[in-house]
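Each chain is listed here by its residues.
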Amino acid sequence: MIYYLLALFIIALDQLTKWLVVRNMEVGESVNVIDGFFYLTSHRNTGAAWGMLEGQMWLFYIVTLIVIGGILYYYHKHAKGNKLFSASLMVLLGGAVGNFIDRIFRQEVVDFLQFTFFNFIFNIADAALTIGVIMLFLQMIIEEVQEKRKKNGKHSTFNTGK
């Protein structure tokens, strides 16, 4: 249940920050937070990441519902007892649902986080999706290392090579 609270927290934070941007900023308006590094820039996206597939809302509805179903399936069938896997799936769920809410109710996604070293503007849900994928990769690496250790008969957590 605690992991669902993580997803709910991400959804709430995502929607609150988007609501504040919509309520307080004009589209295209930019606020300098850290000069030359970080800006709050009000932007709308009707596509996927980097504006791909712009205007294809029906496709996003279908894909998002499939992704949410997959996340819930893996959470309930394969993540029990695995904290990192459970957390990564719920971080992904929070991100997917956060942007899905925008697509359903606004027909576009509100983006506002802009770092000068990135060439795009994103939001909390996008960040959660990215973090969730990184966490999944870490989980896969850990599982692979554990399997190799089992196969080689080693049970220690770290092998220094000595």
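It should be noted that the structure appears before, not after, this text.
K.L.:
How should the side chain of T64 be read in this particular structure?
P.N.:
With respect to the helices and strands, the residue T64 is situated in helix 2 (residues 57-78). Among residues more than four places away in sequence, those in contact with T64 are A96 and F100.

K.L.:
Any chance you could explain the environment of Y74 here in plain terms?
P.N.:
Note that Y74 resides in helix 2. For Y74, a relative accessible area of 42% puts it in the partly exposed group. Separated by 15 residues in the primary sequence, Y74 and L89 have C-alpha atoms spaced 7.9 Å apart. Non-local contacts of Y74, meaning those with residues more than four positions away in its chain, are made with A79, F85 and L89.

K.L.:
So what exactly am I meant to see when it comes to the sheet that holds strand 1 (residues 30-34) here?
P.N.:
Remark on secondary structure: sheet strands pair via backbone hydrogen bonds, oriented parallel or antiparallel. The 3 strands are arranged 1-2-3 in an open sheet whose pairing can be described as antiparallel. At either margin of the open sheet sits one strand with a lone partner, and together these are strand 1 and strand 3 (109-115). Each strand axis lies, on average, 30° off the axis of its neighbour in the sheet, ignoring direction. Relative to strand 2 (residues 38-45), strand 1 runs antiparallel, the two sharing 4 bridges.

K.L.:
How do you make sense of the pattern of salt bridges when you look at a structure like this?
P.N.:
Two side chains that carry opposite charge are able to pair once their charged atoms sit near each other. Counting across every chain of the model gives 5 salt bridges. The residue D102 makes a salt bridge to K18 at a minimum N-O spacing of 3.1 Å. With a gap of 84 residues between them, D102 in helix 3 (residues 83-106) and K18 in helix 1 (residues 2-24) connect regions that are remote in the sequence. Side by side, D102 and K18 carry an identical accessibility label, which is buried. The salt bridge involving E144 is made with K148; its shortest N-O contact spans 3.5 Å. Of this pair, E144 and K148 both sit in helix 4 (residues 124-151), 4 residues apart, which is roughly one turn of that helix. Under the relative-accessibility criterion, E144 is labelled partly exposed at 48%.

Thresholds, definitions, all that
All chains use their own residue numbering, which begins from 1 and follows the written sequence. Residues qualify for local features only when their pLDDT is at least 70, as the model is predicted, and side-chain atom pairs are given and counted only at 80 or more; totals for whole chains, interfaces and linings, by contrast, use all residues. In computing side-chain values, all of the structure's heavy atoms are included and hydrogens and water are not. Secondary structure elements follow DSSP: runs of H or I of four or more residues count as helices, runs of E of two or more count as strands, with numbering from the N terminus. Throughout, a residue-residue contact means that at least one pair of heavy atoms, one from each residue, lies within 4.5 Å. The cut-offs for exposure are 20% and 50% of the maximum accessible area for each residue type, with area from a 1.4 Å probe on protein chains only; residues under the lower value are buried, those over the upper are exposed, and the others partly exposed. Two strands are counted as paired when DSSP detects at least two bridges linking them. Every axis in this analysis is a line fitted to C-alpha atoms, fitted for helices over the stretch in contact. Angles between the N-to-C directions lie between 0 and 180 degrees. Whenever a carboxyl oxygen of Asp or Glu lies within 4 Å of a side-chain nitrogen of Lys or Arg, that contact is scored as a salt bridge.

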